[in-house]
Amino acid sequence: MKTTHTLTTDDATIVYDVHGPLPTVDGQSPLLMIGQPMDATGFATLASHFPDRTVITYDPRGIGRSTRGDGRVDHVPTVQAEDVHALIEELGAGPVDMFASSGGAVTGLALVAAHPHDVRTLVAHEPPLIQLLPDAEAAFRAGAGVRDIYEKRGWGAGMAAFIAMTSWRGEFTDEYFAQPAPDPGQFGMPTEDDGSRDDPVLSDRSSAVTSYRPDVDALKAAPTRIVIAVGEESADTLTGRTSVATAELLGQRATVFPSHHGGFVGDEFGYPGKPEAFARKLREVLGEG
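Residues numbered from 1 in each chain as written. Predicted model: local features only at pLDDT ≥ 70, side-chain atom pairs only at ≥ 80, totals over all residues. Heavy atoms only, no water.

### Observations regarding the packing of helix α4 (residues 136-153) against helix α5 (residues 155-167)
At step 1: At a minimum axis distance of 7 Å, the contact between α4 and α5 shows a crossing angle of 165 degrees. Taken together, α4 and α5 sit at an angle that is classed as roughly antiparallel. When the axes of α4 and α5 are compared, the crossing they make is right-handed. Here Ala-142, Gly-143, Val-146, Ile-149, Tyr-150 and Arg-153 of α4 lie close against α5, whose contacting residues are Trp-155, Ala-157, Gly-158, Ala-161, Phe-162 and Met-165. (Axes fitted to C-alpha atoms, helices over the stretch in contact; angles between N-to-C directions. Helix = DSSP H or I, 4+ residues; strand = E, 2+ residues; numbered from the N terminus. Parallel < 35°, antiparallel > 145°, perpendicular 65-115°, else oblique. Left-handed = near helix turned anticlockwise from the far one by under 90°. Contact = heavy atoms within 4.5 Å.)

Right, dumping it as structure tokens:
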């Protein structure tokens, strides 16, 4: 059973879905799944593997069904965290367990730092915290290169460049920058330019996510159990390395999950992971397996 709800804040309208009953069965904490810039549709398969839990998914402000009235287009983790805090208060069933992936993992870390009693266990999956890398300057340069290609040639060329960047293993060296821009056709991407320049991944709209630096003292002081997760196929790639760096910053080792950066996804986007195995691992980490 899924029901859809709307939460209105001072400057945003947040749409969220409740999979299961509220109040929850036996007072169990809801399991909140968040991403960035992905909306709730990306968690449909993973949520289906938790029929015994009440799962909450949502669309971040300005993405999917959620709108914003603050006149901005950027995605700032601290702003997103306040939206999630308002959502948890609206549910009235906190603290929640949270699975947060990619930019959503950064939002989750910002949430725990600001509102430490909102989350019981945070599983932060592959947070793209480029600022933490030893080659951060080169990594940001690589990201700027993707943006420049997108600005000049459009979405297909930009996405091909993004895939090449995020697939690169190891530090960004002269060898990486000497490569020619990839052909979007080789990645099955359109070669025509549709004129749009508002993609949250390929533009500068998510730069506040990749440049975010976690408040380590606040995170260590929080009662929340924090688990930094990394996909087994992500070793030495950009988000694999940022996951390891984030875990080390918190004095832990990254916990290995099945598959890749989108390992929990089914057929939603044409690049499925291993959602059944991923869900089993998530249950284990949450103390259910």
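### Notes on the nonpolar core
At step 1: The biggest cluster of nonpolar side chains holds 38 residues, and the ones touching the most others in it are Tyr-16, Leu-32, Val-84, Leu-87, Met-98, Leu-122 and Ile-226.
At step 2: The leading source of residues in this core is helix α3 (residues 103-114), at six residues.
At step 3: Membership of the second largest hydrophobic core comes to 19 residues, among which are Phe-43, Phe-50, Phe-264 and Leu-286. (Core = buried A, V, L, I, M, F, W, Y, C linked by side-chain atoms within 4.5 Å. Buried < 20%, exposed > 50% of the residue type's maximum accessible area, 1.4 Å probe, protein only.)

### Notes on the side chain of His-115
At step 1: Tracing the backbone shows His-115 in the loop between α3 and β7 (119-125).
At step 2: The exposure class assigned to His-115 is buried, which follows from its relative accessible area of 19%.
At step 3: Leave out the neighbours within four places in its chain, and His-115 touches Glu-82 and His-85.

### Comments concerning helix α2 (residues 77-91)
At step 1: The end-to-end C-alpha distance of α2 is 21 Å, a good match for the 21 Å that 15 residues give at a rise of 1.5 Å each.
At step 2: Along α2, the positions that sit buried rather than exposed are Pro-77, Gln-80, Ala-81, Asp-83, Val-84, His-85, Leu-87, Ile-88 and Leu-91.
At step 3: Two residues or fewer after α2 comes Gly-92, characterised by a positive phi angle close to 65 degrees. (Expected span 1.5 Å × (residues − 1).)

### Focus: the layout of surface pockets
At step 1: Put simply, the largest pocket is a space of about 1700 Å³.
At step 2: For the lining of the largest pocket, the secondary structure elements donating two or more residues are α4, α5, α7 (207-210) and α9 (238-249).
At step 3: In terms of residues, the lining of the largest pocket owes the most to one element, α5, which gives seven residues.
At step 4: The residue inventory of the lining of the largest pocket, partitioned by class, reads 23 nonpolar, 19 polar and six charged.
At step 5: A volume near 210 Å³ is recorded for the second largest pocket.
At step 6: Around the second largest pocket sit Ala-142, Gly-145, Val-146, Ile-149, Ala-161, Ala-164, Tyr-176, Phe-177, Gln-179, Pro-180, Ala-181 and Pro-182, which together line it.
At step 7: Elements supplying a minimum of two residues to the lining of the second largest pocket: α4, α5 and α6 (174-177). (1 Å grid on protein atoms, 1.4 Å probe; cavity = no way out; pocket = protein on both sides within 12 Å on 5 of 7 lines; lining within 4 Å. Points joined across faces, edges and corners; volume = space filled by probe spheres on them. Nonpolar A, V, L, I, M, F, W, Y, C, P; charged D, E, K, R; others polar.)

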